[in-house]
Amino acid sequence: MDMINIGYSGASAAQVQLNVTAQNTANAMTPGYTRQVAMTSTIGASGGAVNSAGNGVQVDSICRVSNQYLVNQVWYAASDNGFYSTQQQYLTQLETVLSDPNSSLSGGFDNFFAALNEASANPDDSALRQQVISEANALALRFNNTCDYIQSQSDELLSQEQATIAQINSLTTGIAGYNQQIAEAEANGDNAAALYDARDQMVQQLSGLVDVQVQIDDRGNYNISLPNGQPLVSGQDCSTIAMSSNADGTPCMELTFAGTTYSMTEDTGGSLGALFTYQSDVLDPMTATINSIAEQFTNAVNSQLAAGYDLNGNPGAPLFIYDPASPDGPLLVNPDISEDELAFSGSPDETGNSDNLQALINISTEPMEIEGLGSVTVGNACSTLISNIGIYSRQNQTEAQSASNVYNEAQNQQMSVSGVSMDEEAVNLITYTQIYQANLKVISTGAEIFDSVLEMF
């Protein structure tokens, strides 16, 4: 009877809808899960059945509830969030080291010139002279420790760049693989929702590492490229990124796709772009500035010492050595100098004369041409160095907070469409259960009618 068949189709459809509700409820807290709905349509009346209401209901498909525009917004926001948050991790550490009074360059200069001032009270005093050499060593140690820390950050950046590139290659391979698995699943008529979710999760991870453009072709494949058009994924094919070094030792990247190799720009966006930007915009200029301070200060002190005389009436020996190629650091103290050889006197015949010592003290107020800073005193150079990093860090923090807010809002908007609402699923569970039970009642009623008809014969 039509009534029994219609009831059966309704019960079957309700069973599918209950299964979908159960799946949604089970994955309510699963990261990246997109809720699903069963799409149904009515089965029309058969031809020639004049008084037929129809033949029930059928489940056409089970669909993911997803808005591609909102998904794209999440991917776009993830790139900015990855860029600024990655830079901030390194900036915070660097700012802490530079401003620490126990390791800052400005503190080292203050202590050195303070030792010179103390020596001016009694220029012949051996202990005061030794104190000057000790503070010179302490200043050199601060310079070298700062440079060591900058180099350690550079090494860490390089390691992180290589790890990020390996992760990018893994993700692009995975996305291309999911393109193939989704095509095969849909060709077999299988529900590929879990594959779609996994692929979207991979793209979101990839977009946090590098800025990407995603195009969806007519077969549902994700074709992914860099902003400059270089391909990362095309259908079931993917590229490979490799990192190497230029002749000058600077890192460079190459992208290989379909047997062709392209040079890659470092302006990739995302976490990878942040690593390169931090090196080029922060560490490299800072290294140049610190080396310039060390060089100019060394030249100024050694030149002034050469113009004076030590306790033995001899021209002054150099106190500092500037060697940017030294593995111990760019600023060293002359290992052969003794306290007697500090040329504090302005006359070879007056050991107690402090004219040259005063000239050495005056170096603290004399401007020097420092790379990246212009004409400044060494004290102002150190203060400006810390200030510039602080300003850069504050600006990046503002951008990072803004990018994080945009990213979170984009995720919230996507979740408002694609996320599982437990209240909605609870209502669906009750509704579909009632529909299922009602259709079973229809089947039962149809069976009773059929049995009554049979009893008539």
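Scroll up to find the structure.
Residues numbered from 1 in each chain as written. Predicted model: local features only at pLDDT ≥ 70, side-chain atom pairs only at ≥ 80, totals over all residues. Heavy atoms only, no water.

**Q** Can you walk me through the overall build of the protein in this structure?
**A** Tallying secondary structure elements over the protein gives nine helices and 13 strands in all. Scaling as 2.2 N^0.38, a compact globule of 457 residues should have a C-alpha radius of gyration of about 23 Å, whereas the protein reaches 37 Å, well beyond that. Projected onto its principal axes, the C-alpha positions of the protein cover 145 × 45 × 30 Å. For the protein, the residues scored as buried account for 42% of the 457 residues in total. Counting only contacts in the protein whose residues sit at least 6 apart along the sequence, the fraction spanning at least 24 positions is 65%. For the protein, the computed accessible surface area is about 22200 Å², with 49% contributed by carbon and sulfur atoms. (Helix = DSSP H or I, 4+ residues; strand = E, 2+ residues; numbered from the N terminus. Rg over C-alpha atoms; globule rule 2.2 N^0.38 Å. Buried < 20%, exposed > 50% of the residue type's maximum accessible area, 1.4 Å probe, protein only. Contact = heavy atoms within 4.5 Å. Areas by Shrake-Rupley, 256 points an atom, 1.4 Å probe, with all protein chains shown as cover.)

**Q** Hey, could you run me through the sheet that holds strand β3 (residues 213–216) in this one?
**A** Within a sheet, each strand pairs with its neighbour through backbone hydrogen bonds, oriented either parallel or antiparallel. Taken in spatial order, the four strands line up as β3-β4-β5-β6 in an open sheet, and their pairing is antiparallel. Two strands lie at the open edges of the sheet, namely β3 and β6 (237–238), each paired on one side alone. Most of the contacts of helix α5 (residues 193–209) go to strand β4 (residues 222–225), to which it runs at about 5°, and overall it touches β3, β4 and β5 (231–234). (Pairing = 2+ DSSP bridges. Axes fitted to C-alpha atoms, helices over the stretch in contact; angles between N-to-C directions.)

**Q** I tried to follow unusual backbone geometry on my own but got confused; where do I start?
**A** Most peptide bonds are trans, and most residues other than glycine sit at a negative phi. Although it is not a glycine, alanine 258 adopts a positive phi angle of roughly 55°. By secondary structure assignment, the location of alanine 258 is in the loop between β8 (251–257) and β9 (260–264).

**Q** Is there a simple way to explain the nonpolar core in this structure?
**A** The tendency in soluble globular proteins is for nonpolar side chains to be buried side by side. Counting 54 residues, the largest nonpolar core has Leu94, Phe112, Phe297, Leu319 and Phe320 as its most contacted members. Contributions of two or more residues to this core are made by α2 (68–99), α3 (105–119), α4 (126–187), α6 (270–306), β11 (331–333), α7 (355–362), β12 (368–370) and α8 (378–418). Element by element, the count of residues in this core is highest for α6, at eleven residues. Look past the residues within four positions of phenylalanine 320 in its chain and what remains in contact with it is Phe112, Ala136, Leu139, Phe297, Thr298, Val301, Asn302, Leu331, Leu332, Val333 and Asn334. (Core = buried A, V, L, I, M, F, W, Y, C linked by side-chain atoms within 4.5 Å.)

**Q** What exactly am I supposed to notice about the environment of serine 244 here?
**A** Within the secondary structure, serine 244 sits in strand β7 (residues 240–245). In the structure, serine 244 is positioned 122 residues away from asparagine 122 in sequence and 58 Å away in space, judged by C-alpha atoms.

**Q** Can you walk me through the environment of leucine 98 in this structure?
**A** Here leucine 98 is to be found in helix α2. Leucine 98 gets classed as buried once you look at its relative accessible area, which sits at 6%. Along the primary structure leucine 98 and asparagine 380 are separated by 282 residues, whereas in three dimensions their C-alpha atoms are 14 Å apart. Setting aside residues up to four positions removed in sequence, leucine 98 forms contacts with Ser104, Thr146, Met286, Ile386 and Ile389.

**Q** Can you help me understand the side chain of aspartate 211 in this one?
**A** In this fold, aspartate 211 is placed in the loop between α5 and β3. The side chain of aspartate 211 is buried and forms no salt bridge, while arginine 199, the nearest opposite charge, is found at 18 Å. Look past the residues within four positions of aspartate 211 in its chain and what remains in contact with it is Ser79, Ser225, Leu226, Pro227, Thr268, Gly269 and Gly270. (Lys, Arg positive; Asp, Glu negative; His and termini not counted. Salt bridge = Lys/Arg side-chain N within 4 Å of Asp/Glu carboxyl O.)

**Q** In this structure, what is going on with the side chain of aspartate 197? I would like to understand it.
**A** Note that aspartate 197 resides in helix α5. Of the residues examined, aspartate 197 reaches a relative accessible area of 8% and is grouped as buried. Aside from chain neighbours lying at most four places away, what touches aspartate 197 is Gly32, Tyr33, Thr34 and Arg64.

**Q** Which parts of the structure should I look at to understand the sheet that holds β7?
**A** Ordered by their spatial adjacency, three strands build an open sheet running β7-β8-β9, and the pairing between neighbours is antiparallel. Two strands close off the open sheet at either side, each with one partner strand: β7 and β9. Strand-to-strand twist in this sheet, taken as the mean axis angle between neighbours without regard to direction, amounts to 30°. With five bridges joining them, β8 and β9 adopt antiparallel strand pairing.

**Q** Sorry if this is basic, but what is going on with the environment of leucine 70 here?
**A** For leucine 70, the location among the structural elements is in helix α2. As a C-alpha pair, leucine 70 and glycine 107 span 37 residues in sequence and 52 Å in three-dimensional space. What leucine 70 contacts, discounting residues up to four positions off in sequence, is Gln413, Gln414 and Val417.

**Q** Just checking my understanding: could you explain the pairing of β3 for this structure?
**A** Side-chain direction in a regular strand flips from residue to residue, so the side chains alternate between the two faces of the sheet. Bridging between β3 and β4 involves four bridges; their strand directions are antiparallel. Residue pairing in the sheet places glutamine 213 in a bridge with serine 225 of β4. With antiparallel pairing between neighbouring strands as the criterion, β3 and β4 make up a hairpin whose turn holds five residues, including glycine 220 at a positive phi of roughly 85°.

**Q** What is the right way to read the pattern of salt bridges from this model?
**A** Any two side chains of opposite charge can pair, on the condition that their charged atoms come close. For the structure shown, the criterion picks out four salt bridges. As a salt-bridge pair, aspartate 197 and arginine 64 come within 2.9 Å of each other at their nearest N and O atoms. With aspartate 197 in helix α5 and arginine 64 in strand β2 (residues 57–64), the pair connects residues that are 133 residues apart, well separated along the chain. Taking the shortest distance from any N to any O, the salt bridge between arginine 64 and aspartate 200 comes out at 3.1 Å. With arginine 64 in strand β2 and aspartate 200 in helix α5, this residue pair connects regions lying 136 residues apart in the sequence. Taking the relative accessible area as the measure of exposure, aspartate 200 reaches 10% and is therefore buried. Via salt bridges that share partners, Arg64, Asp197 and Asp200 belong to a single interconnected network.

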